[in-house]
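# Inside the fold
Here's the letter readout for the chains.
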Amino acid sequence: MDRDAAVKTDPRRHLPRVDRLVDFLRGVRPELPLWAITEGCRAILAEERERLRGNASDSSSLLGRSADALGAAAGAIAAELARVKPQRVINATGIVLHTNLGRAPLAEGASRAALEASLGYSDLELDLATGQRGNRLGSVATKLELLSGAPAAHAVNNNAAAVLLALNTLALGREVIVSRGELVEIGGSFRVPEIMERAGVRLVEVGTTNRTRIADYERAIGPDTGLLLKVHRSNFEVRGFVEEVPMEELAELGRARGIPVVDDLGSGTLIDLGARGFPADAYAPSRLAAGADLVCFSGDKLLGGPQAGLLIGTSDVVQALRKNPLARALRLDKTSLAALDWTLAAYLDGRAEQEIPVLRELLEPLASLEERARKLAASLASVTGIPLRDAAPGGVAEGASAIEVRADRSFVGGGSLPGFELDSHVVALRADGVSANRLAERLREAPVPVLARIRDSWLLFDVRTLVPSDLADLEVAVSYGVTSTR
Ligand SMILES: *Cc1c(COP(=O)(O)O)cnc(C)c1O
């Protein structure tokens, strides 16, 4: 083919112009905003041009996609662009603190407090009694002190920021000693060695992956040591031939040598759940009692509040944190502050177990979970027409549609309590001729997307993380998923 002929048959010449495709799409999807339609059309035409360039001289691909197909693809991009994110989804995974699903759901009161503080003006930094400038963190700090018994407290944007601030304040340009068994990565982007580097401190590793003794710390202490750091292994367990130094011993060493000891607890609570079967060391004040000078933990893990990094400790240490210019860069916004203050008040009032969703979900009795699973199974059976059966092993013919209630286990998740599982009840659903993966995909496309667990050919809905207001939307999603795949 000579060059002119190649130019004439170049399929890219048949692509519609952007403004034509935009006009077309505005007619078909009038609900979408113009900016999103324009970008969707531009993107899809660029993609199509690129696709056709690869085989411009191949006469079999002379025809690109039809205008209708291009319009539909551009519409999908535009719809995604125009969607406000994050949007509400239904968490049927049973994972109480699911990082991909926004970790802790806020208590209703906490979200109302956030709304009220942000919708209009607020007394964020004003003392209403005197009319003078006030302390934006005063209320939260006082509540944290009352709840923990700590002499002083501070709060920042998240726990990664809390650790950064602590390291930078207490050990800038100096050495920080950490056990090799605690050089962890949490959630992909928080790595202890990297945070240390950015905080301007020098990491000194001691011990081995599985065993670290107090003598290892002692040997590593030198004139340049600024801090002893303990990091909670929030998302994995080490079992077998293991040894770590308890906080009590590490704190004693720190005191003897005049070196501050910081505990990065990660997931901490302000009520002791030890008697309820949860690890006792998650109770943040217990780490102070064990001798740490400063304990940092997240607001949106086990505490069940908004994203925040909470710091409780001695007055000297907290004073130093507050004076660090980084504290200003890492400060909490008014919306989170209001939600956090409400959450802490719920703890002080003794309402936490009733009102904070994370605690409600973690502490719900098994009998109540089973009852909720039975109700959900019955309503899903009635909206889908799929038969509800007893969960008897081998009781259902291979591949046949069925709904069952089963005993199962749920996870706490969110880098909180590794290896810690809770007995739960799930509704298992299988639809004839539809793979569990396909069904899960359809549920994610529902008006209110639903996330469930997949096991073999079954979709599992764990009721632990479902709230009553989810149920109607869940029914819509499941009946849509089951019928539209037929
Ligand atoms: C989760 C976690 C962090 C990070 O906390 P964010 O609130 O997510 O910033 C830091 N350290 C430990 C030990 C954690 O578990």
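So, a few notes on the structure that sits alongside this text.

Parameters at a glance
- Residues numbered from 1 in each chain as written.
- Predicted model: local features only at pLDDT ≥ 70, side-chain atom pairs only at ≥ 80, totals over all residues.
- Heavy atoms only, no water.
- Near = heavy atom within 4 Å.
- Polar contact = N/O pair within 3.5 Å; in protein donor to acceptor, adjacent residues only side chain to side chain.
- 1 Å grid on protein atoms, 1.4 Å probe; cavity = no way out; pocket = protein on both sides within 12 Å on 5 of 7 lines; lining within 4 Å.
- Sits in = over half its atoms within 2 Å of the grid points.
- Helix = DSSP H or I, 4+ residues; strand = E, 2+ residues; numbered from the N terminus.
- Nonpolar A, V, L, I, M, F, W, Y, C, P; charged D, E, K, R; others polar.
- Salt bridge = Lys/Arg side-chain N within 4 Å of Asp/Glu carboxyl O.
- Buried < 20%, exposed > 50% of the residue type's maximum accessible area, 1.4 Å probe, protein only.
- Pairing = 2+ DSSP bridges.
- Contact = heavy atoms within 4.5 Å.
- Axes fitted to C-alpha atoms, helices over the stretch in contact; angles between N-to-C directions.
- Points joined across faces, edges and corners; volume = space filled by probe spheres on them.
- Core = buried A, V, L, I, M, F, W, Y, C linked by side-chain atoms within 4.5 Å.
- Domains from an automatic or database assignment.

Once that is clear, we can look at the site of the ligand. Neighbouring the ligand are 13 residues; Arg 103, Ser 234, Asp 264, Ser 298 and Lys 301 lie closest to it. Note that an oxygen atom of the ligand is positioned 2.7 Å from one of the side-chain N or O atoms of Ser 298. With respect to the pocket detection grid, the ligand is positioned in the second largest pocket. For the shell around the ligand, the secondary structure elements donating two or more residues are helix H7 (159-171) and strand E10 (261-266). Residues of the shell around the ligand, tallied by class, amount to three nonpolar, seven polar and three charged.

By the definition in use, this model includes 40 salt bridges. In this structure, the salt-bridge partner of Arg 53 is Glu 50, at a minimum N-O distance of 2.7 Å. Residue Arg 53 and its partner Glu 50 are located together in helix H3 (residues 34-54), separated by three residues, close to a single helical turn. Owing to a relative accessible area of 47%, Glu 50 belongs among the partly exposed residues under this scheme. The partner of Glu 125 in a salt bridge is Arg 136, and the shortest N-O contact between them spans 2.9 Å. Of this pair, Glu 125 sits in the loop between helix H5 (108-119) and strand E2 (126-127) while Arg 136 sits in the loop between strand E3 (132-133) and helix H6 (138-148), and the two are 11 residues apart along the sequence. You can call Glu 125 partly exposed: its relative accessible area is 23%. Beyond isolated ion pairs, a larger network of salt bridges with shared partners links Glu 125, Arg 133, Arg 136 and Arg 331.

For the rest of this paragraph, the subject is the sheet that holds strand E17 (residues 458-462). One open sheet holds the six strands; their spatial order is E1-E16-E17-E15-E14-E13, and the pairing between them is mixed. Of all the strands in the sheet, just strand E1 (90-92) and strand E13 (388-389) have a single pairing partner and so form its edges. The strands that helix H17 (residues 366-384) touches are E13, strand E14 (402-411), strand E15 (421-430) and E17; relative to E15, the one it contacts most, it runs at about 10°.

The subject of this paragraph is empty space enclosed by the protein. Counted under the stated rule, the structure contains one cavity of 30 Å³ or more. In this structure, the largest cavity encloses a volume near 60 Å³. Along the wall of the largest cavity there are 13 residues; nearest its centre are Thr 209, Asn 210, Arg 233, Glu 243 and Glu 244. Residue composition of the lining of the largest cavity, grouped by class: two nonpolar, six polar and five charged.

Of all hydrophobic cores here, the largest spans 61 residues; its most connected members are Ile 312 and Leu 340. Ranked by residue count, the leading element in this core is helix H14 (residues 334-349), at seven residues. Shared between two domains, this core takes at least three residues from each, and those domains are domain 2 (90-96 + 360-484) and domain 3 (108-355). Ile 312 has contacts with Leu 144, Ser 148, Ala 150, Ala 152, Ala 153, Ala 284, Pro 285, Leu 288, Asp 293, Leu 294, Val 295 and Phe 297, leaving out every residue within four places of it along the chain. Among the nonpolar cores identified, the runner-up in size contains 33 residues, and Ala 162, Leu 167, Leu 170 and Leu 294 belong to it.

Turning next to the sheet that holds strand E12 (residues 309-313). Strand pairing within a sheet occurs via backbone hydrogen bonds; the two strands may be parallel or antiparallel. Here we have seven strands laid out as an open sheet, ordered E4-E12-E11-E10-E9-E5-E8, and mixed in their pairing. Of all strands in the sheet, those bounded by a partner on one side alone are strand E4 (152-156) and strand E8 (202-206). With direction set aside, neighbouring strand axes in the sheet form an average angle of 25°. Relative to strand E11 (residues 294-298), E10 runs parallel, the two sharing four bridges. Opposite Gly 266, over in E11, you have Phe 297 as the bridge partner.

In this structure, the largest pocket encloses a volume near 1200 Å³. As for the largest pocket, its lining consists of 38 residues, and the residues nearest its centre are Gln 87, Arg 88, Val 89, Ile 90 and Leu 101. At the level of secondary structure, the elements contributing two or more residues to the lining of the largest pocket comprise E1, H5 and helix H16 (357-363). Taken together, the residues of the lining of the largest pocket sort by class into 16 nonpolar, 10 polar and 12 charged. In this structure, the second largest pocket encloses a volume near 560 Å³. Considering the residues around the second largest pocket, the lining is formed by 26 residues, among which Thr 99, Arg 103, Asn 158, Asp 300 and Lys 301 are closest to the centre.

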